[in-house]
Amino acid sequence: MTLRVVRVRPDLPAIDRSFDYLVPDAIAHQISVGTIVRIPLHGRRVRGWVVEDFVQPETEISRILPLLKVVGAGPPPEILDLGRWAARRWIGPDVSFFGSASPPNAVVPNAVAESFSGGAESASHGSSESRLRVIAWPPSMDRRPLIDGLLPESGSSIVIVPDVGRLNSLIKYLTRAGRVVHVMHATRTAAERTLAWSEARKGNCVIVGGRGAVWAPVPDLAAMIVLDESDDALQEERSPTWHARDVAIERARRCGVACTLVAAIPSAVAVSLVEDVERPERSDESAGWARVEVVDLREEAPGQGLLTESLARALHKCVDAGERALLVMNRKGRARLLACGACRELARCEGCGAAVVEVQSGETSAFSTDSSAAEVSRSLLCPVCSTARPWLCAGCGSTRLRVLRSGVSRIRDDLAALLPRSRVLDVDASTDVDLAALREADVLVGTEAVLHRAPRDRPVGLVAFLDLDQELLAPRHRAAEQSATLLARAARLLGPRSEARRLLLQTRLPEHDVIRAVSEADPSIAWISETKRRAALSYPPFGALAQLRGVEEAVAYAANMLRALPGVTVLGPVASGASFECLVRCPDSEALSGALLAVHAGARALGRIRVEVDPARV
DNA sequence: CGGACAAGCTGA
DNA sequence: CAGCTTGTCCGG
């Protein structure tokens, strides 16, 4: 009788290798590739994944220890492979992907006889429909029938949805259509996610979830659908910065099944993957976008700040109709930049010279129904060195300070004055505002979080971006696409085109292609111009980007090594706060992975380097 | 990662 | 030279 030996990858990201273990007879029937086990390693007991079965051990059999126990079922072999692909693509440890593909709690493993013997996925359920489609679907056009139509009758499908808010109506719809739906979403409890994972393993179902759902262990994948494909929520923020859209495309390709990407304004990456972007009939398309009103800030009377005449008019109309208004503004706090009304001196810190900001004592209530702001005591604070200063000009001593740039809470007060009978509430992602308070509010003002947090109890009659240029011109290469996604989300809240409801955009760039695309209900204007821009810069999809960050020596060393490689362009390193960073560009992501992996091992000796492939900022 | 063991710094 | 820090190695 020969001893059964398995190769196990320990769940220790810093260890870049696997180890062999003996399989005790008592648990032999529960072990297969993917099974999560507990192993003894260097005096510790750690979790790991069986990555190979029936191996010929490399070390003497006498030194091999037995597995301690079976923790539970893990990802099927083909998902481990997909995880390895992602690990290379985004330069991360394979175990971080194995973790994403595993249930949060233990799942009883199948007996070996039951388990789907390898390649179940490769037995294509999608038949000849193995193709990639990109659909530009207007934000307010019901996409549920579209999705239902994309789901094959047999086999399992995975639907990735970044926007949790839309999840429930989709689930209800599909369930009513007779589908067996399981939800795999980070907002669910561990027990619920574990249950969905083990149900997915049985196949013949529809998995609906956030980005983590691309790893669902369905054995009979037949269709992959990614909704709001251009939404940044599909990308993991922490390294490895994997993107669910790209994993979905790869998984579908490997299984030979159809993959469909849907977005109001598809990303340049998505558009580059297909011959033609599919769109609804022109009349349906324009009906699916809210009416847009562009306010050219250059033509507005000076001194009124962001509360323009047009905005005031739209607000009154919305509030009078009993509908809710959402105002988006990405500057936090009160006045961010002040100047003396008498001598025009910029209000700066006497210590370090940084621009001081306005703070108020006794600033508490989220509601403000009056605007007796004069009675609130105001002072100045340096955001750099925290030096406080009284509310007066350092140059001439005048107390008449003029606001050059105002923040959310300042606008909230001005709105309260403009709409004395309405409740104005400011919202941001950090503060906890309870649902009751949100429901009572007639006007919500804050960062883009207002678009996510607005309750659905009342129709939204107005969404206004007070300073859209903040988004359009943000110093990130994806700024235009991010703005487009934001505008599409706003348009969705407003519903189909109607005379009354509108999307109001305040800007100094009324001719910007993202604004034109939205106001003309023609998303191609945005993706064509974005594609041109990317091509000119050799940015994705016309090249691959990564950002390296870490201590100076390590980044400098890596940058020099990379520069020496053919086809690699390196910008930097430059100091960024306490650390250093550089930008690496390659003709394609395979070349980028190859270059980074070649350098990574050597650079690690000099100190930790954080690698961000497809960085969202920069 | 985290323990083991080796080589380096300090102090009375 | 004990006693502690810092570095390098390695795991079945």
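The structure presented is a predicted model; accordingly, all values stated were derived computationally and were not measured.

## A closer look at the overall build of chain A
Working step 1: When helices and strands are tallied, chain A shows 18 helices and 26 strands.
Working step 2: Within chain A, the proportion of its 618 residues that are buried is 53%.
Working step 3: Sequence separation of at least 24 residues holds for 72% of the intrachain contacts in chain A that already meet a minimum separation of 6.
Working step 4: When the accessible area of chain A is evaluated, it comes to approximately 27,500 Å², of which 51% is carbon and sulfur surface.

## Structural notes on the confidence of the model for chain A
Working step 1: Per-chain confidence: chain A averages 88 in pLDDT, with 89% of residues scoring 70 or above.
Working step 2: Contacts for the low-pLDDT stretch residues 113-124, under 50 throughout, to residues beyond four places or in other chains number 14 contacts.
Working step 3: Counted against residues more than four places away or in other chains, residues 362-375, with its pLDDT under 50, gives 19 contacts.

## Here's the deal with empty space enclosed by the protein
Working step 1: On inspection of all chains with the given rule, the structure shows 7 cavities of 30 Å³ or more.
Working step 2: The calculated volume of the largest cavity comes to roughly 110 Å³.
Working step 3: Every residue lining the largest cavity is listed: Asp163, Asp228, Ser230, Asp231, Ala263, Ala264, Ile265, Ala484, Thr485, Ala488, Arg489 and Arg492.
Working step 4: Element by element, the count of residues in the lining of the largest cavity is highest for helix H14 (residues 479-494), at 5 residues.
Working step 5: For the lining of the largest cavity, the per-class residue count stands at 5 nonpolar, 2 polar and 5 charged.
Working step 6: In this structure, the lining of the largest cavity is formed jointly by two domains, domain 2 (119-263) and domain 3 (284-334 + 406-534), each of which donates at least three residues.

## A closer look at the domain arrangement of chain A
Working step 1: Domain annotation of chain A identifies domain 1 (5-100), domain 2 (119-263), domain 3 (284-334 + 406-534), domain 4 (338-403) and domain 5 (544-613).
Working step 2: Averaged C-alpha coordinates put domain 3 and domain 5 at centres separated by 38 Å.

## Notes on the side chain of arginine 4
Working step 1: With respect to the helices, strands and loops of the structure, arginine 4 is situated in the segment before strand S1 (5-10).
Working step 2: Looking at arginine 4, the relative accessible area reads 18%, which means it is buried.
Working step 3: Excluding residues within four positions of it along the chain, arginine 4 makes contact with Tyr21, Leu22, Val23, Ala28, Ile31, Ser32, Asp53 and Phe54.

## As for the environment of glycine 212
Working step 1: Structurally, glycine 212 can be placed in the loop between strand S9 (206-209) and strand S10 (221-227).
Working step 2: Linking glycine 212 and methionine 184, residues 28 residues apart in sequence, is a C-alpha distance of 7.3 Å.

## With respect to the protein's contact with DNA strand B
Working step 1: In the region of DNA strand B, the neighbouring residues are Ala14, Ile15, His42, Arg44 and Arg608.
Working step 2: In DNA strand B, atoms within 4 Å of the protein come from the sugar-phosphate backbone in 43% of cases.
Working step 3: Between DNA strand B and arginine 44 there is a distance of 2.4 Å, counted from a base oxygen to a side-chain nitrogen or oxygen.
Working step 4: For the surface near DNA strand B, the class distribution of residues is 2 nonpolar, 1 polar and 2 charged.

## A look at the sheet that holds strand S8 (residues 181-184)
Working step 1: Read across the open sheet, the 6 strands follow the order S6-S11-S10-S7-S9-S8; overall the sheet is parallel. Two strands close off the open sheet at either side, each with one partner strand: strand S6 (132-136) and S8. Direction aside, the axes of adjacent strands within the sheet are offset by 15 degrees on average.
Working step 2: Note that S10 and strand S11 (residues 258-263) share 5 bridges and pair parallel. Paired with valine 226 across the two strands is leucine 261, which belongs to S11.
Working step 3: Running at roughly 160 degrees to S8, helix H4 (residues 167-176) makes contact with strand S7 (156-160), S8, S9 and S10 of the sheet.

## Considerations on the sheet that holds strand S20 (residues 443-446)
Working step 1: The 6 strands are arranged S12-S22-S21-S13-S20-S19 in an open sheet whose pairing can be described as parallel. A strand with exactly one partner marks an edge of an open sheet, and here the two such strands are strand S12 (291-296) and strand S19 (424-427). When the angles between neighbouring strand axes are averaged without regard to direction, this sheet yields 15 degrees.
Working step 2: For strand S13 (residues 324-328) and S20, the ladder comprises 4 bridges, and the chain directions are parallel. Pairing of alanine 325 across the sheet is with valine 443, part of S20.
Working step 3: Most of the contacts of helix H9 (residues 309-320) go to strand S21 (residues 460-465), to which it runs at about 160 degrees, and overall it touches S12, S13, S20, S21 and strand S22 (502-507).
Working step 4: Across the sheet, H14 is in contact with S13, S21 and S22; its angle to S21 comes to roughly 160 degrees.

## So, the protein's contact with DNA strand C
Working step 1: Close to DNA strand C lie 13 residues, the nearest being Ile15, Asp20, His42, Arg44 and Leu65.
Working step 2: A share of 45% is what sugar and phosphate atoms reach among the atoms of DNA strand C within 4 Å of the protein.
Working step 3: Here a base nitrogen of DNA strand C and a side-chain polar atom of arginine 17 are 3.5 Å apart.
Working step 4: Threonine 59 has a polar side-chain atom sitting 3.5 Å from a base nitrogen of DNA strand C.
Working step 5: If you list the elements that add at least two residues to the surface near DNA strand C, you get strand S2 (19-22) and strand S3 (36-41).
Working step 6: Ranked by the residues each element gives to the surface near DNA strand C, the list is headed by S2, at 3 residues.
Working step 7: In terms of residue class, the surface near DNA strand C is built from 7 nonpolar, 2 polar and 4 charged.

## Some words on the nonpolar core
Working step 1: Counting 65 residues, the largest nonpolar core has Ile158, Ile207, Val214, Trp215, Leu548, Leu562 and Leu596 as its most contacted members.
Working step 2: A total of 6 residues in this core trace back to one element, the largest contributor, which is helix H6 (residues 244-255).
Working step 3: Leucine 562 has contacts with Leu548, Val568, Val570, Val584, Ala595, Leu596 and Val599, leaving out every residue within four places of it along the chain.
Working step 4: The next biggest cluster of nonpolar side chains, apart from the first, holds 39 residues, and it includes Val427, Val450, Val518 and Ile525.

## Concerning the packing of aromatic side chains
Working step 1: Counted under the stated rule, the structure contains 5 aromatic pairs.
Working step 2: Judged by centre distance (5.8 Å) and plane angle (50 degrees), the ring pair of phenylalanine 97 and tryptophan 215 falls under tilted. Of this pair, phenylalanine 97 sits in helix H2 (residues 94-100) while tryptophan 215 sits in the loop between S9 and S10, and the two are 118 residues apart along the sequence.
Working step 3: Overall, tryptophan 215 belongs to the buried group, its relative accessible area being 1%.
Working step 4: Here tryptophan 215 and tryptophan 242 contribute two aromatic rings whose centre-to-centre distance is 5.5 Å and whose plane-to-plane angle is 70 degrees, an arrangement assigned as edge-to-face. Here tryptophan 215 is found in the loop between S9 and S10, whereas its partner tryptophan 242 is found in the loop between S10 and H6, with 27 residues between them in sequence. Grouping residues by exposure puts tryptophan 215 and tryptophan 242 together as buried.

## Here we look at the pattern of salt bridges
Working step 1: All chains considered together, the criterion is met by 42 salt bridges.
Working step 2: A salt bridge links arginine 279 to glutamate 285; its shortest N-O distance comes to 2.9 Å.
Working step 3: Judged by relative accessible area, arginine 279 falls into the partly exposed class, the value being 33%.
Working step 4: Judged by relative accessible area, glutamate 285 falls into the buried class, the value being 1%.
Working step 5: Look at the salt bridges and you will find they share partners, linking Arg89, Glu229, Arg245, Asp246 and Asp614 into a network.

Reading the values: the criteria
- Residues numbered from 1 in each chain as written.
- Chains lettered and ligands numbered in written order.
- Predicted model: local features only at pLDDT ≥ 70, side-chain atom pairs only at ≥ 80, totals over all residues.
- Heavy atoms only, no water.
- Helix = DSSP H or I, 4+ residues; strand = E, 2+ residues; numbered from the N terminus.
- Buried < 20%, exposed > 50% of the residue type's maximum accessible area, 1.4 Å probe, protein only.
- Contact = heavy atoms within 4.5 Å.
- Areas by Shrake-Rupley, 256 points an atom, 1.4 Å probe, with all protein chains shown as cover.
- pLDDT = per-residue confidence, 0-100.
- 1 Å grid on protein atoms, 1.4 Å probe; cavity = no way out; pocket = protein on both sides within 12 Å on 5 of 7 lines; lining within 4 Å.
- Points joined across faces, edges and corners; volume = space filled by probe spheres on them.
- Nonpolar A, V, L, I, M, F, W, Y, C, P; charged D, E, K, R; others polar.
- Domains from an automatic or database assignment.
- Near = heavy atom within 4 Å.
- Polar contact = N/O pair within 3.5 Å; in protein donor to acceptor, adjacent residues only side chain to side chain.
- Pairing = 2+ DSSP bridges.
- Axes fitted to C-alpha atoms, helices over the stretch in contact; angles between N-to-C directions.
- Core = buried A, V, L, I, M, F, W, Y, C linked by side-chain atoms within 4.5 Å.
- Phe/Tyr/Trp six-rings, centres within 6.5 Å; stacked < 30°, edge-to-face > 60°.
- Salt bridge = Lys/Arg side-chain N within 4 Å of Asp/Glu carboxyl O.

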